[in-house]
Amino acid sequence: MSSTSEPLLQVRHLNVTFETPDGPVAAVQGLSFNLEAGKTLALVGESGSGKSVTAYALMRLLPPATRIEGETNYGNENLLELSEARMRALRGKDIAMVFQEPMTALNPLTRIGLQIRESLYRHTHLRGAAARARVLELLQQVGIP
Ligand SMILES: Nc1ncnc2c1ncn2[C@@H]1O[C@H](COP(=O)(O)OP(=O)(O)OP(=O)(O)O)[C@@H](O)[C@H]1O
Ligand SMILES: [Mg+2]
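Residues numbered from 1 in each chain as written. Chains lettered and ligands numbered in written order. Predicted model: local features only at pLDDT ≥ 70, side-chain atom pairs only at ≥ 80, totals over all residues. Heavy atoms only, no water.

## Section: the pattern of salt bridges
Pairing between side chains of opposite charge can happen when the charged atoms of each approach one another. Within the structure shown, the criterion is met by seven salt bridges. We note a salt bridge from Glu-84 to Arg-91, for which the minimum N-O separation is 3.7 Å. Arg-91 gets classed as buried once you look at its relative accessible area, which sits at 17%. Between Arg-134 and Glu-137 there is a salt bridge, with the nearest N and O atoms lying 2.5 Å from each other. In this pair, Arg-134 and Glu-137 are both assigned in helix H5 (residues 128-141), three residues apart and thus about one turn of the helix distant. Members of the salt-bridge network, linked through shared partners, are Arg-60, Glu-84, Arg-88 and Arg-91. (Salt bridge = Lys/Arg side-chain N within 4 Å of Asp/Glu carboxyl O. Buried < 20%, exposed > 50% of the residue type's maximum accessible area, 1.4 Å probe, protein only. Helix = DSSP H or I, 4+ residues; strand = E, 2+ residues; numbered from the N terminus.)

## Considering H5
With 14 residues, H5 ought to run about 20 Å at 1.5 Å a step, and its terminal C-alpha atoms sit 20 Å apart, in line with that. Those residues of H5 lying buried are Ala-131, Val-135 and Leu-139. Each buried residue of H5 sits inside an arc of 75 degrees when the element is viewed along its axis, so together they form one side. Across from the buried face of H5, at angles greater than 90 degrees, the exposed residues are Ala-129, Gln-140 and Gln-141. Its buried side turned inward, H5 meets helix H4 (112-123). (Expected span 1.5 Å × (residues − 1). Arc of directions from axis to C-beta. Contact = heavy atoms within 4.5 Å.)

## Examining the packing of aromatic side chains
Enumeration according to the criterion identifies one aromatic pair in this entry. When the ring of Tyr-56 is compared with that of Phe-99, the centres are 5.9 Å apart and the planes differ by 40 degrees; the resulting orientation is tilted. Within this pair, whereas Tyr-56 is found in helix H1 (residues 51-59), its partner Phe-99 is found in the loop between helix H2 (84-90) and helix H3 (102-105), the two being separated by 43 residues in sequence. With relative accessibility at 25%, the residue Tyr-56 sits in the partly exposed group. Note on Phe-99: relative accessible area 31%, which makes it partly exposed. Here Arg-127 stacks its cationic end above the ring of Tyr-121, 4.4 Å away from the centre of that ring. (Phe/Tyr/Trp six-rings, centres within 6.5 Å; stacked < 30°, edge-to-face > 60°. Lys NZ or Arg CZ within 6 Å of the ring centre and 35° of its normal.)

## Some thoughts on the coordination of the magnesium ion (ligand 2)
Tetrahedral metal sites with four donors have an ideal angle of 109.5 degrees; octahedral sites with six donors have ideal angles of 90 or 180 degrees. Those donors, Ser-52 (OG) and Gln-100 (OE1), are the protein atoms that reach the magnesium ion (ligand 2), and they lie 2.0 to 2.2 Å from it. You can see Ser-52 sitting in helix H1 and its partner Gln-100 sitting in the loop between H2 and H3, a full 48 residues away along the chain. Exposure remark for Ser-52: the relative accessible area of 28% places this residue in the partly exposed category. Taking the relative accessible area as the measure of exposure, Gln-100 reaches 60% and is therefore exposed. (Donors = N, O, S within 2.8 Å, 3.2 Å for Na, K, Ca; no water.)

## A few points about the sheet that holds strand S3 (residues 67-74)
Strand pairing in a sheet relies on backbone hydrogen bonds, with the paired strands running either antiparallel or parallel. Read from one edge of the open sheet, four strands run S2-S1-S3-S4, paired in antiparallel fashion. Since the sheet does not close on itself, it has two edges, and those belong to strand S2 (23-35) and strand S4 (77-78), each with one partner. Across nine bridges, the pairing between strand S1 (residues 9-20) and S2 is antiparallel. Among the inter-strand pairings, Gln-10 is bridged to a residue of S2, identified as Asn-34. (Pairing = 2+ DSSP bridges.)

## A word on the domain arrangement of the protein chain
Looking at the assigned domains, one finds that the protein chain contains domain 1 (1-95) and domain 2 (106-145). Placing the centre of domain 1 and that of domain 2 at their C-alpha centroids yields a distance of 27 Å. (Domains from an automatic or database assignment.)

Right, dumping it as structure tokens:
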């Protein structure tokens, strides 16, 4: 589809390289794509091809030693160059991720309500009973009573 407006997210020549004891591992090499507002984009590839690493790189959730190159323009900001404070404001609000392994993404020692509420506390003004009501509503939306 042709569009006159800028894509919501433009990724250009993304490279992600891990420094390991066995040498550098190039997990993503020269990846470019556009994501249009209101559209869904699927990255399809075999296991280990770098889909998750791409998502982690965009969320800036990779270890500090990881080498990330390229441009990731979100609106007029390059995600790779934003301050941690700005990134925290975007993460979980504008840009979010459903992690692949729930057993490592969710803390098994903390109730799910508290973990969902954490995001509401960071990004909304909901507190107390209102926050709790919103958490219950969100769980109901995904069929968890
Ligand atoms: N911290 C790390 N250090 C070194 N290599 C890593 C690290 N994290 C990921 N990799 C490697 O990066 C490559 C891409 O992994 P990634 O998890 O992105 O694959 P994927 O496409 O999401 O696979 P799947 O379909 O199995 O989820 C793999 O070779 C993986 O072993
Ligand atoms: Mg994956």
